[in-house]
Amino acid sequence: MLMKIGYKDKSKFLIHFALILTALFMVIPFIWMLLTSFKTLPEALAVPPKIMPKSFHFKNYKDAVSLLPFFKFYFNTIIVIVIRVVVSTFFAAMAAYGFARIKFPGRDILFMFVLIQMMVPGQIFIIPQYLMVQRLGMLNSISALVFPGIVTAFGTFLLRQFFMGLPDELEEAAVIDGANKWQIFVHVMLPLARSGMISLSIFTALFAWKELMWPLIVNADIEKMPLSAGLAQLIGQFATNYPVLMAGSVLGIIPMIIIFVIFQKQFINGVALSGGK
């Protein structure tokens, strides 16, 4: 009995040790970024690397704010996130409900095309999306940033799993009460798929916040760029002031950290539910 207890304690210790070690590896880049934001350029480029700065230089943050219109970046990013979350979640919910609960010819074939979009790299769609944005006259605008995110194959797949897990009796009862398909979708199915929609909203917001390549392709005006693409302007062609770049990166992640702290419970539940589905 004692041997069994010791074995269990040893296994638990090894598991916790591995988890703590993994967490440290994940936190070290963030700590290094934070410390580098207070260094001078020679300290940031020193070999061997210097972990702690001799003195904390807050001038890097002042330089980052003066070089870039951060408040404009924040505004553009928030607008993109809000529009993408609302529009893509609603469109994905409608498509998912159709694929999950409505029987029509070719349903499985059409859904197969949705799955194919998830299996191929997103870079494949950049040229067609760019041509569409160009012909619609949306280059160098916030609309160009929103355009690729108004529909999402991942969101359609995720919410379809939620709708398929709902009992058929709910829909049958609504039909008996005289509800049509739209009324069933809005008043019965959407409230029951709330957890799935929260999960999708979280993922959509994260993807929009860190998106880099697409904004750099469709927007040349720095005033129309989101935060991630705007920070890329601090990277020089021949030399980069890394302390200023790290200071800008710290300023860029502060809003997302605040959002995570406020909605930590919903974030964890959403990720857990999406993983379970």
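Reading the values: the criteria
Residues numbered from 1 in each chain as written. Predicted model: local features only at pLDDT ≥ 70, side-chain atom pairs only at ≥ 80, totals over all residues. Heavy atoms only, no water. Core = buried A, V, L, I, M, F, W, Y, C linked by side-chain atoms within 4.5 Å. Buried < 20%, exposed > 50% of the residue type's maximum accessible area, 1.4 Å probe, protein only. Helix = DSSP H or I, 4+ residues; strand = E, 2+ residues; numbered from the N terminus. Contact = heavy atoms within 4.5 Å. Phe/Tyr/Trp six-rings, centres within 6.5 Å; stacked < 30°, edge-to-face > 60°. Lys NZ or Arg CZ within 6 Å of the ring centre and 35° of its normal. UniProt positions renumbered as here; feature names shortened; annotations may be inferred. Salt bridge = Lys/Arg side-chain N within 4 Å of Asp/Glu carboxyl O. Axes fitted to C-alpha atoms, helices over the stretch in contact; angles between N-to-C directions. Parallel < 35°, antiparallel > 145°, perpendicular 65-115°, else oblique. Left-handed = near helix turned anticlockwise from the far one by under 90°. Nonpolar A, V, L, I, M, F, W, Y, C, P; charged D, E, K, R; others polar. Patch = residues over 30% accessible without salt bridge, like charges linked within 9 Å, V, L, I, M, F, W, Y side chains within 5 Å. Areas by Shrake-Rupley, 256 points an atom, 1.4 Å probe, with all protein chains shown as cover. Arc of directions from axis to C-beta.

Enquirer: Tell me about the nonpolar core, and name the residues and values.
Expert: One recurring pattern in soluble globular proteins is that nonpolar side chains are buried together. Counting 36 residues, the largest nonpolar core has Tyr61, Phe70, Val80, Ile81, Val133, Leu227 and Leu234 as its most contacted members. When residues of this core are traced back to their parent elements, those giving at least two are α3 (59–67), α4 (70–101), α6 (126–135), α7 (142–146), α11 (194–210), α12 (213–218), α13 (227–231) and α14 (242–262). Ranked by residues supplied to this core, first place goes to α14 with seven residues. Ignoring sequence-local partners within four residues, the contact set of Val133 consists of Met138, Leu139, Ala144, Phe147 and Trp214. Counting 18 residues, the second largest nonpolar core, distinct from the first, contains Ala93, Leu158, Leu159 and Phe185.

Enquirer: Outline the packing of aromatic side chains, supporting the account with residue identities and numerical values.
Expert: Following the criterion strictly, the structure yields 16 aromatic pairs and no others. Seen from their ring centres, Phe13 and Phe17 are 6.3 Å apart, and the 20° between their planes marks the pair as stacked. With Phe13 and Phe17 both in helix α1 (residues 2–36), this residue pair falls four residues apart, about one helical turn. Each residue in the set Phe90, Tyr97, Phe163, Trp182 and Phe185 is aromatic and connected to the rest through ring pairs, giving one cluster. Above the ring of Phe111, the side-chain terminus of Arg160 is found at 4.0 Å from the ring centroid.

Enquirer: Lay out the UniProt feature "transmembrane region" (unreviewed entry) in the protein with the relevant residues and their values.
Expert: Taking the UniProt record as the reference, the feature "transmembrane region" (unreviewed entry) is found at residues 12–35, 73–97, 109–130, 142–163, 184–209 and 244–263. Helix makes up 73% of residues 142–163 and strand makes up 0%, while its end C-alpha atoms are separated by 33 Å.

Enquirer: Go over unusual backbone geometry with me, naming the residues and quoting the values.
Expert: Cis geometry is found at the peptide bond from Val47 to Pro48, where omega equals 0°. Relative to the helices and strands, Pro48 is located in the loop between α2 (41–44) and α3. Its identity as a non-glycine residue notwithstanding, Asn140 has a phi of 55°, on the positive side. Tracing the chain through its elements places Asn140 in the loop between α6 and α7.

Enquirer: Report on the pattern of salt bridges, specifying residues and quantitative values.
Expert: Applying the stated criterion across every chain, the model contains six salt bridges. Asp63 is the salt-bridge partner of Lys59, the closest N and O atoms lying 2.9 Å from each other. Linking Lys59 with Asp63, this pair stays in helix α3, spanning four residues, or about one helical turn. The partner of Arg101 in a salt bridge is Glu171, and the shortest N-O contact between them spans 3.2 Å. Taken together, the residues Arg101 in helix α4 and Glu171 in helix α9 (residues 168–176) connect sequence positions 70 residues apart. Glu171 shares its class with Arg101; the two are buried. Each member of the salt-bridge network shares a partner with another, and the members are Arg101, Asp168, Glu171 and Lys181.

Enquirer: I'd like a rundown of the side chain of Arg101, residues and numbers included.
Expert: According to the relative accessible area criterion, Arg101 is buried, its value standing at 11%. When neighbours within four sequence positions are excluded, Arg101 is seen to be in contact with Phe163, Met164, Leu166, Pro167, Asp168, Glu171, Lys181 and Met189.

Enquirer: Provide a residue-level description of the packing of α4 against helix α8 (residues 153–164), including the pertinent values.
Expert: At a minimum axis distance of 8 Å, the contact between α4 and α8 shows a crossing angle of 50°. By the criterion of interaxial angle, the relationship of α4 to α8 is oblique. Handedness of the α4/α8 crossing: right-handed. In this structure, α4 contributes Thr89, Ala92, Ala93, Ala95, Ala96, Tyr97, Phe99, Ala100 and Arg101 to the contact, and α8 contributes Gly155, Thr156, Leu159, Arg160, Phe163 and Met164. For the contact of α4 with α8, the per-class residue count stands at 10 nonpolar, three polar and two charged.

Enquirer: Describe in detail a nonpolar patch on the surface, supporting the description with residues and values.
Expert: Together, Phe13, Leu14, Phe17, Ile20, Leu21, Leu24, Phe25 and Ile28 make up an exposed nonpolar region whose accessible area comes to about 850 Å². Along the chain, the position of Ile28 falls in helix α1.

Enquirer: If you had to explain α3 to someone new, which residues and values would you point to?
Expert: Among all positions in α3, only Asn60, Tyr61 and Ala64 are buried. End-on view of α3: buried residues confined to an arc of 100°, all on one side of the axis. Away from its buried face by more than 90 degrees, α3 exposes Lys59, Lys62 and Ser66.

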